Structures are given as C-alpha cells and as structure tokens.
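Here is what each chain is made of, one letter per residue.
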Amino acid sequence: MASGNPYTLKWGIMATGGIAETFCKDLLCSPAVRGADDVRHEIVAVASSSSSKRAAEFLQKINGAFDAKTYGSYSELVVDPNVDIIYVATPHSHHFQNTMLALEAGKHVLCEKAFTVTAAQARKLVETAKAKKLFLMEAVWTRYFPLSIKVRELITSGEIGTVFRTIGDLSINSNAEEGSGLSFADSHRMVNPDLAGGATLDLGVYPLTWVFQTLYHLQPEQDKEAPTVIASSNKYTTGADENTAIICSFPGHNSIGIASTTMRADTDPENVVPAVRIQGSKGEIQVFAPAYRPTKYRVVKKNGEAQTFDVPQPADPARNGWGHGMFWEADECARCLRDGKLESATLPWKESIVIMETMEEALRQGGITYPELITTDVYDPKSPLNTGNQ
Ligand SMILES: NC(=O)C1=CN([C@@H]2O[C@H](COP(=O)(O)OP(=O)(O)OC[C@H]3O[C@@H](n4cnc5c(N)ncnc54)[C@H](OP(=O)(O)O)[C@@H]3O)[C@@H](O)[C@H]2O)C=CC1
Ligand SMILES: O=C1OC[C@@H](O)[C@H](O)[C@H]1O
C-alpha cells in the first residue's frame, strides 16, 4: 500500500466504558492484519471522569498501552500535549459538551454515535471544528467496513439498477424475564432520558445509516436532497422511546427509506432474514444482521440469480484473535489527518447534521423529549457533563 513510515495517530480516550474498551482493543490490533501499512495507532492517554485509578484499571482491561497517561478528569486529558485526537466514548447526553471541551482545547475528535442529542448541537460542533480547523467525525464505524464500501460500489456501478427503496432494521429483544418491562435498569443509558437513551438515538441511527449511505450519500452533490420525515414512536415507562419507525422520503430522487428499531423484538433471531434491503430496478442487495456489524450480504437479481458474500472482520492472532471492526474508522481518522482533511468524505459533516435533523424530527413526532442540561447548545466547560458530577 504505502511506502515509507506509516503515519502514527496518537489517541486520548475519554471514558472507560464498554465501547471504549472495544475500540481500544481494536486500536491495539496490528494494522497489517487488515492490510493497512500506511497508518498506525497509539493510545497515549486515557481519562475517566470517576478516577485516575479507573483509567489505570482500563489499561489492564485492554491489556496494552501500559505507558499511557491516566487521568481522573476529562479536562486534564484534553490539554495533554501528546494527544492528537480524542475519542469521545461517553453516553449521547454528554457528546456535545465533551466534544466541545476537546475542540476548545485544540484537539481533533472522533465522537461516538449518536453524534449529539439535537441537530443544533451537531451544527455547533461542526461550526467550532471548522473555525478552529480541527478534524471532527461521528463514529459511525459501520460506514467504513469493506462490506459497506462494497455495497456502495455495487450501487454506484449499477449492479441493482436504479435504487428506489432501502428498508433497514436494528432491533433487540430486551424484554425482561418477568413483567412487562425491559431488561435494562431505568438508570441504564439505553432507556434513561437523562443520558439521552432510547431506541432512536442508540439503535435507529444504524438503519438510518443504511438509508442514508444508500439513498442520500450517493446522490450527486449538486442534487443533495434531505428527506421529508414521517415517524412514530412508543414510549417506555422512563419516557425514552422503545419502538420507533421512520419513513424518509426523497421525492426529487423518487426514493424512499424505511428505518425501524425496537427494544421489544429481534431483527432476526435465526440469522436468515436480511436486516437491510436495498432495492433497485434490476435486483436488490440484502445485508444481514446486525445492521451495525454485518459480515454477510447477498445480491439477488431480478432474473433470480443470487450470490452470497461473507466478509468477516480480520482477527489479529497476536491479540488472541481479536478484531471487532472499529479499526476501519480509526484508520479513516488517521488518513484524514495525515492528508490535512478536517472531515471524512465517507461521512461528511453535512450528512451527520442531516441525520441528526432526521432523528430530531422523528423524536419530535414521537413526542420524545430530553432535559435542558443535555439539549442545550451552549457550551459550558464546567457543565456536570464535563466535570463528571452527572
Ligand atoms: N459503535 C458501537 O458499536 C457502540 C457505540 N456505543 C456508543 O458509545 C457510547 C457509550 O456507550 P457504552 O460504552 O456502551 O456506555 P457505558 O455506560 O459502558 O460507558 C459510558 C462511560 O461514559 C462515562 N460517563 C460519564 N458520565 C457518565 C454518566 N453520567 N453515566 C454513565 N456513564 C458516564 C463513564 O466512563 P468514566 O467513568 O470513565 O468517565 C462510562 O463508563 C454511546 O454513545 C453509545 O451509543 C455503545 C455501544 C456500541
Ligand atoms: O452502537 C451500538 O451498537 C450495538 C448495540 O448493542 C449498542 O446498544 C449500540 O449502542
């Protein structure tokens, strides 16, 4: 691939929860295993809002980067001069304030999905990154998979003709063993409105990703058309949405996208029903569950010809066979920074904003609301979302 030394990206990890662990284990995988010899990653600092001890324990969990600095606050992390880019791995509620904290300190940012709670917050992040000439990307990892790239190429090359419709679902059967509730505690980030929980922001963003990367992203730049949105939700007892269905219509392109999500039933309990169907005049592409990490797709032609393709994630034998697939987005960050780009062409700022506008509209129609502390687009470095007192 590349000649000469690989470009090294030095990461600062903000938060030590589940996805931070998964992401860091991917950063520790050898890029050679996935055929990337032009970039490499180093974890140089980790911060926990709880304590520096928790950050140190995190290094044990990921079994690597033992020389990384460990901090007991996010504010210390963002001023570490050795850090190039901050990975924001906090709940949705915190993304706006935490990303602003990093950008204001002059750091590039990869921020977990859902990007923000409101579209105004997303716009403010983008304005700030642009003004400060900093790289910013929403961590929708699925977009960077070789499988997603291949699906987009198949559409562009006309393999399934003109695409008229994409249907996508990401649903999980999280019913509690007993009673009518869900298996999550009311305080859990999946259902807690204080943490911007709910099916749309946590799960719905993936079927929407498929709708957007197949119907919106591939529209020519001069004809870009944001969708009109019709949506409906059912509320859980906490006030967050447990079921949401979103119809995105692109009338100028005669295409329609349907994204659904629920915490009450599985997309596909037997791994036989496609989670995503991209339907065109000459056939369709079926992508199998889960919509966030598919490893199989099928191309079915109108004449009945069909072929299935398996695209497993590369596993690093030197890391106990680990390989989740988050390294693709990390590589994208490294290449963008190496090449002096502030945004990724695979998920441009404008598209993250339009997706946030779509989810915001869906939530509005579904009657889902979130508290002022997490919906404000006024940056406050002393917000409890930054200081860890929330
Ligand atoms: N890309 C993907 O596949 C996935 C993405 N995600 C996304 O990652 C983000 C985090 O999810 P996940 O890692 O599962 O969440 P966890 O609850 O496991 O971790 C969140 C971390 O955020 C920090 N935090 C700061 N304030 C709070 C607070 N008030 N309540 C809870 N946590 C807080 C904590 O770290 P500390 O104490 O160290 O500060 C905590 O460990 C979400 O945006 C989610 O949508 C989640 C799962 C999969
Ligand atoms: O991003 C995600 O992908 C996997 C899901 O299980 C998780 O809830 C979600 O946050």
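As the structure is a prediction and not an experimental result, all values here were calculated from the model.

1. Overview of the packing of helix 5 (residues 119–132) against helix 9 (residues 349–365)
Part 1 of the reasoning: Contact pair helix 5 / helix 9: the axes reach a minimum separation of 8 Å and the direction vectors enclose 165°. With respect to helix 9, the element helix 5 is oriented roughly antiparallel. Judged by the twist between their axes, the crossing of helix 5 over helix 9 is right-handed. Every residue of helix 9 that contacts helix 5 at Ala119, Ala120, Ala122, Arg123, Val126, Ala129 and Lys130 is listed here: Trp349, Ile353, Met356, Glu357 and Glu360.
Part 2 of the reasoning: Of the residues belonging to the contact of helix 5 with helix 9, the class tally is 8 nonpolar, no polar and 4 charged.

2. Here's the deal with the UniProt feature "domain: Gfo/Idh/MocA-like oxidoreductase N-terminal" (unreviewed entry) in the protein chain
Part 1 of the reasoning: When the UniProt feature table is mapped onto this chain, "domain: Gfo/Idh/MocA-like oxidoreductase N-terminal" (unreviewed entry) is found at residues 10–137.
Part 2 of the reasoning: When the span residues 10–137 is considered, its composition is 41% helix and 22% strand, and the gap between its end C-alpha atoms is 16 Å.

3. A word on the nonpolar core
Part 1 of the reasoning: Counting residues in hydrophobic clusters, the biggest one holds 117 residues, and the most contacted among them are Trp11, Ile13 and Ile278.
Part 2 of the reasoning: Here the element with the most residues in this core is helix 7 (residues 199–216); it accounts for 11 residues.
Part 3 of the reasoning: Composition of this core by domain shows at least three residues from each of domain 1 (7–140) and domain 2 (146–312).
Part 4 of the reasoning: When residues no more than four places from it in sequence are discounted, the contact partners of Ile13 are Ala20, Phe23, Cys24, Leu27, Ile43, Ala45, Val46, Ala47, Leu77 and Tyr87.

4. A word on the layout of surface pockets
Think of a ball as big as a water molecule: rolled over the atoms, this probe shows where empty space is left.
Part 1 of the reasoning: Roughly 700 Å³ of volume is contained in the largest pocket.
Part 2 of the reasoning: Contributing elements (two or more residues each) for the lining of the largest pocket: helix 1 (18–27), helix 4 (92–104) and helix 7.
Part 3 of the reasoning: Here the residues of the lining of the largest pocket sort into 13 nonpolar, 13 polar and 5 charged.
Part 4 of the reasoning: Of the residues that make up the lining of the largest pocket, three or more belong to each of domain 1 (7–140) and domain 2 (146–312).
Part 5 of the reasoning: Quantified by volume, the second largest pocket comes out at close to 200 Å³.
Part 6 of the reasoning: What lines the second largest pocket is simply Ile155, Gly161, Thr162, Val163, Thr214, Leu215, Leu218, Gln219, Pro220, His253 and Ser255.
Part 7 of the reasoning: In the lining of the second largest pocket, the residues fall into 5 nonpolar, 6 polar and no charged.

5. Quick notes on the site of ligand 2
Part 1 of the reasoning: Every residue lining ligand 2 is accounted for by Lys113, Arg189, Met190, Asp202, Leu203, Tyr206 and Tyr292.
Part 2 of the reasoning: Within the contact set of ligand 2, an oxygen atom lies 2.7 Å away from a side-chain nitrogen or oxygen of Asp202.
Part 3 of the reasoning: A total of 270 Å² of accessible area belongs to ligand 2 in isolation, and the protein chains cover 74% of it.
Part 4 of the reasoning: For ligand 2, the cavity whose grid points lie within 2 Å of the majority of its atoms is the largest pocket.

6. Some points on the sheet that holds strand 10 (residues 255–262)
Part 1 of the reasoning: As summarised here, the arrangement of the 8 strands in space is 8-9-10-7-11-12-13-14, forming an open sheet in which the pairing is mixed. Each edge of the open sheet is held by one strand with a lone partner, namely strand 8 (228–235) and strand 14 (306–310). Adjacent strand axes in the sheet meet at a mean angle of 10°, parallel and antiparallel pairs treated alike.
Part 2 of the reasoning: In the packing of helix 9 onto the sheet, contacts are made with strand 8 and strand 9 (241–250), and the angle to strand 8 comes to roughly 50°.

What counts, and where the lines are drawn
Residues numbered from 1 in each chain as written. Chains lettered and ligands numbered in written order. Predicted model: local features only at pLDDT ≥ 70, side-chain atom pairs only at ≥ 80, totals over all residues. Heavy atoms only, no water. Axes fitted to C-alpha atoms, helices over the stretch in contact; angles between N-to-C directions. Helix = DSSP H or I, 4+ residues; strand = E, 2+ residues; numbered from the N terminus. Parallel < 35°, antiparallel > 145°, perpendicular 65-115°, else oblique. Left-handed = near helix turned anticlockwise from the far one by under 90°. Contact = heavy atoms within 4.5 Å. Nonpolar A, V, L, I, M, F, W, Y, C, P; charged D, E, K, R; others polar. UniProt positions renumbered as here; feature names shortened; annotations may be inferred. Core = buried A, V, L, I, M, F, W, Y, C linked by side-chain atoms within 4.5 Å. Buried < 20%, exposed > 50% of the residue type's maximum accessible area, 1.4 Å probe, protein only. Domains from an automatic or database assignment. 1 Å grid on protein atoms, 1.4 Å probe; cavity = no way out; pocket = protein on both sides within 12 Å on 5 of 7 lines; lining within 4 Å. Points joined across faces, edges and corners; volume = space filled by probe spheres on them. Near = heavy atom within 4 Å. Polar contact = N/O pair within 3.5 Å; in protein donor to acceptor, adjacent residues only side chain to side chain. Areas by Shrake-Rupley, 256 points an atom, 1.4 Å probe, with all protein chains shown as cover. Sits in = over half its atoms within 2 Å of the grid points. Pairing = 2+ DSSP bridges.

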